[in-house]
Amino acid sequence: MRLEPSALLLCLFLLPGMGLAANKTVYGLNEYAKLYDLDLEVPAKLDTGAKTASLSARDIRRFKRDDETWVQFYLAIDEAHEHPIERPLARISKIKRRAGDYDPEEEKTYTARPVIELTVCMGQALRTIEVNLTDRSAFQYPLLIGSEALKRFSALVDPSLKYAAGKPGCTPDAHPGE
């Protein structure tokens, strides 16, 4: 069999990309995620179009502890959570507002959201990611995992799959990968 020169060039062009893909984990559009810091497993939506990860929270309040800014919140997930969660504030994220969410009188084209760090397990991968807090109770999935977190998981997302990684299987003593 003899390859045409153009087909041979195409194959040579594609080979490096195939090597990169070999080191990635394929996840589905939806996956189970274990939030180790909160001892909770939730379904998540993987969204390559979103930059940051978002966790459904309500009654979000910033406060000072030992001269550092912390965040107190309650999870806004189907089952009621009685006890507040407190985590150090990592930063404030500016999330672009959608056209239908924009109020021209307010003159703000973004929403400021507090960001915390959480240790998350998907499949066999344990990573520490940044998660912004917002009320996602109107959405089906309480956790949205955006492109920055997906990079940390070395993820390839196949939208035709759901729960491809299975239930989270990270060991509690594992160290989050970088």
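Residues numbered from 1 in each chain as written. Predicted model: local features only at pLDDT ≥ 70, side-chain atom pairs only at ≥ 80, totals over all residues. Heavy atoms only, no water.

The protein is annotated in an unreviewed UniProt entry as ATP-dependent zinc protease of Pseudomonas lalucatii.

A. Structural context of the state of the cysteines. In total, this model carries one disulfide according to the counting rule given. Two residues, cysteine 121 and cysteine 170, share a disulfide whose sulfurs are 2.0 Å apart. Where cysteine 121 bonds to cysteine 170 through sulfur, the torsion about that S-S bond is close to 85°, and the disulfide is right-handed. Here cysteine 121 is found in strand 7 (residues 110-122), whereas its partner cysteine 170 is found in the segment after strand 10 (155-162), with 49 residues between them in sequence. Taking relative accessible area as the criterion, cysteine 121 reaches 0% and is therefore assigned buried. Accessibility expressed as a relative area gives 11% for cysteine 170, which makes it buried. (Disulfide = S-S within 2.5 Å. Helix = DSSP H or I, 4+ residues; strand = E, 2+ residues; numbered from the N terminus. Buried < 20%, exposed > 50% of the residue type's maximum accessible area, 1.4 Å probe, protein only.)

B. Inspection of the pattern of salt bridges at higher detail. Applying the stated criterion across every chain yields a total of seven salt bridges. Here arginine 58 and aspartate 59 are joined by a salt bridge, their closest N and O atoms 2.8 Å apart. Taking relative accessible area as the criterion, arginine 58 reaches 30% and is therefore assigned partly exposed. Put simply, arginine 65 and glutamate 86 hold a salt bridge, and the shortest N to O gap is 2.4 Å. Of this pair, arginine 65 sits in strand 3 (residues 53-65) while glutamate 86 sits in strand 5 (residues 85-88), placing them 21 residues apart in sequence. On the basis of relative accessible area, arginine 65 is assigned to the partly exposed category, the value being 30%. (Salt bridge = Lys/Arg side-chain N within 4 Å of Asp/Glu carboxyl O.)

C. A look at the side chain of glutamate 31. Here glutamate 31 lies in strand 1 (residues 25-35). Lysine 167 provides the closest opposite charge to the buried, salt-bridge-free glutamate 31, at an N-O distance of 10 Å. Reaching out from glutamate 31, the side chain makes a polar contact with the backbone nitrogen of glycine 28 at a distance of 2.6 Å. Once you skip the residues sitting within four places of it in the chain, glutamate 31 turns out to touch Val42, Pro43, Ala44, Leu46, Met122, Tyr163, Ala164, Ala165 and Gly166. (Lys, Arg positive; Asp, Glu negative; His and termini not counted. Polar contact = N/O pair within 3.5 Å; in protein donor to acceptor, adjacent residues only side chain to side chain. Contact = heavy atoms within 4.5 Å.)

D. Up close: the packing of aromatic side chains. Across all of its chains, the model carries three aromatic pairs by this definition. Centroid distance tyrosine 27 to phenylalanine 153: 6.3 Å. Interplanar angle 80°. Geometry classified as edge-to-face. With tyrosine 27 in strand 1 and phenylalanine 153 in the loop between helix 2 (147-152) and strand 10, the pair connects residues that are 126 residues apart, well separated along the chain. Per residue, the accessibility class of tyrosine 27 equals that of phenylalanine 153, and both read buried. Over the ring of phenylalanine 139 we find arginine 136; its NZ or CZ atom is 4.7 Å from the centre of that ring. Here the basic side chain of lysine 167 rests over the ring of tyrosine 32, its NZ or CZ set 4.1 Å away from the ring centre. (Phe/Tyr/Trp six-rings, centres within 6.5 Å; stacked < 30°, edge-to-face > 60°. Lys NZ or Arg CZ within 6 Å of the ring centre and 35° of its normal.)

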